[in-house]
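Next come the chains, spelled out residue by residue.
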Amino acid sequence: MAEFTFPTGFLWGSATSAHQVEGNNTNSDWWAWEQAGKVAEPSGLACDQYQRFRDDFDVAQSLSHNAHRLSVEWSRIEPEEGRFSDEAIAHYREVVTALRQRGLEPIVSLHHYTNPLWLTKQGGWANPKVVDCFARFAQRVVESLGDQVSYWLTINEPMVYAVMHYLDGVGPPGEQSLPAFLRVIEHELRAHAAGYHAVHAVASAQGWTARVSLANHAQPFPPCRRWHPLDRFAATLAERTYNQGFLEAVMSGRWRFPGRRTMRVHDGRPTMDFIGMNYYGRVFLRSAWRGSPWWGHRCSTQHHPEVTERNFLEWDVYPPGIRQILRWALPYRLPVLITENGICTTDDRQRERFILNHLRWVARAIQDGVPVIGYLYWSLIDNFEWAKGYIPRFGLVEVDYVTQARRVRDSARRFAEVCRTNRLPEHNG
Ligand code: GCO
């Protein structure tokens, strides 16, 4: 591939989430879940970023990043229903101000898997009340940070959240219920729309700029056995519901799920100013007549003939897939921000290849006409990988969890060159 120059003003950086890096998020449902022994190891102090955020942002700045994605923690900002913490809000103002002072565009997620305990005690995202609670929270955050923040993501990976927490049961409340799963998705769609309009109402009243979306997790679903008609059926169904169907519901307000009547989840006004896309790899689906909502379950990548590379967690690594999912955005004619793409690996050279190979396919998507406006690597620093604890390491920067010392990895410096020059060098291959 010839040398490629990315569009002017391209956003380069990385992403984190509050619970995974801040530490001592004691008022959240995930903290309670961890204390109940449901995870490999509790998050504890995590990366102590609640205190160390300036140091970490110094590193991001030194790596020529011009943007940084983080989440604000609902359980810190609204510790009791309807009571907002001035201290937590002041903290997050310091955080976004610190980003701005370093020339880093803040990209703020309002929800990234964790919830206040008072909400979970009322049924959490399975309770329709969450829609108004989330909109009120979004309004309060934008009122407090909206002069410093222009890019907002309402919910991180709504589909993954619903699957992890209400179908697979590997996050709180640990449900494994298809009806609850479907209720949660409906409420996420409604909450996203309510949050979108709440952000814009505050921003336009104040004369602030706001670009609002969500971080949509997109993954191709090839059939496990291409010759098997039921595997092909499961794969097609998943593509249509998990990927395109969800995006369509966010944009049009009409949510179609197999076996259910079309549901109107908002008034039909578009609710994305850009499209946030998280991409990691493919999931191969094998038909099964129970459990999964797509009448299939993921088959192992261990021996799959089409899987030629894996990460530490045995996920498929497939750089061409990022071009595939970016092309899904074409019909919407909206800017696309890659809000997550990363690899957990013990081999930093694999991480370097991962980043460059995915960027080459992003370049091809841009040449296809996809208006990509940025790329955020997951993650800036090694961090708490939910139920899997601290073993998987995604970071551009290594963290020693005993001393909290940071060490910049070689892959980070290679990525920094692309961020600094806004260019991918020529590549034969
Ligand atoms: C997700 C979340 C992150 C993960 C990352 C690696 O996509 O699950 O946004 O919290 O840590 O994706 O799994």
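Residues numbered from 1 in each chain as written. Predicted model: local features only at pLDDT ≥ 70, side-chain atom pairs only at ≥ 80, totals over all residues. Heavy atoms only, no water.

### With respect to the site of the ligand
Move 1: The full set of residues close to the ligand is Gln20, His112, Tyr113, Asn156, Glu157, Tyr280, Trp315, Glu340, Trp378, Glu385, Trp386 and Phe394.
Move 2: Within the side chain of glutamate 157, an N or O atom sits 2.6 Å from an oxygen atom of the ligand.
Move 3: Between the ligand and tyrosine 280, the relevant distance is 2.8 Å, taken from an oxygen atom to a side-chain nitrogen or oxygen of the residue.
Move 4: Bound to the protein, the ligand loses 95% of the 310 Å² it would expose on its own.
Move 5: Its residues placed into classes, the shell around the ligand shows six nonpolar, three polar and three charged. (Near = heavy atom within 4 Å. Polar contact = N/O pair within 3.5 Å; in protein donor to acceptor, adjacent residues only side chain to side chain. Areas by Shrake-Rupley, 256 points an atom, 1.4 Å probe, with all protein chains shown as cover. Nonpolar A, V, L, I, M, F, W, Y, C, P; charged D, E, K, R; others polar.)

### A short note on the nonpolar core
Soluble, globular proteins show a tendency: their nonpolar side chains are buried together.
Move 1: Counting residues in hydrophobic clusters, the biggest one holds 128 residues, and the most contacted among them are Phe6, Trp125, Trp152 and Leu326.
Move 2: Top element by residues in this core is helix α9 (residues 178–206). It accounts for 11 residues.
Move 3: Dropping the residues within four chain positions of it, phenylalanine 6 is found in contact with Trp12, Leu359, Val362, Ile366, Val418, Asn422, Arg423 and Leu424.
Move 4: Judged by nonpolar contacts, the second largest core, of nine residues, contains Leu11, Ala67, Leu153 and Phe274. (Core = buried A, V, L, I, M, F, W, Y, C linked by side-chain atoms within 4.5 Å. Buried < 20%, exposed > 50% of the residue type's maximum accessible area, 1.4 Å probe, protein only. Helix = DSSP H or I, 4+ residues; strand = E, 2+ residues; numbered from the N terminus. Contact = heavy atoms within 4.5 Å.)

### What to know about the state of the cysteines
Move 1: Counted according to the given criterion, the structure contains one disulfide.
Move 2: The residue that forms a disulfide with cysteine 224 is cysteine 299, at a sulfur-sulfur distance of 2.0 Å. Judged by the torsion about the S-S bond (105 degrees), the cysteine 224/cysteine 299 disulfide is right-handed. Here the residue cysteine 224 occupies a position in the loop between β6 (211–217) and α10 (229–252), and cysteine 299 occupies one in the loop between β11 (296–298) and α11 (320–327), the gap between them amounting to 75 residues.
Move 3: Look at cysteine 224 and you get buried, because its relative accessible area is 13%.
Move 4: Judged by relative accessible area, which is 11%, cysteine 299 ranks as buried.
Move 5: This cysteine, cysteine 344, is not joined by any disulfide, and cysteine 47 carries the nearest cysteine sulfur, 15 Å off. (Disulfide = S-S within 2.5 Å.)

Take it as geometry only, folks, not as evidence of what the structure does.
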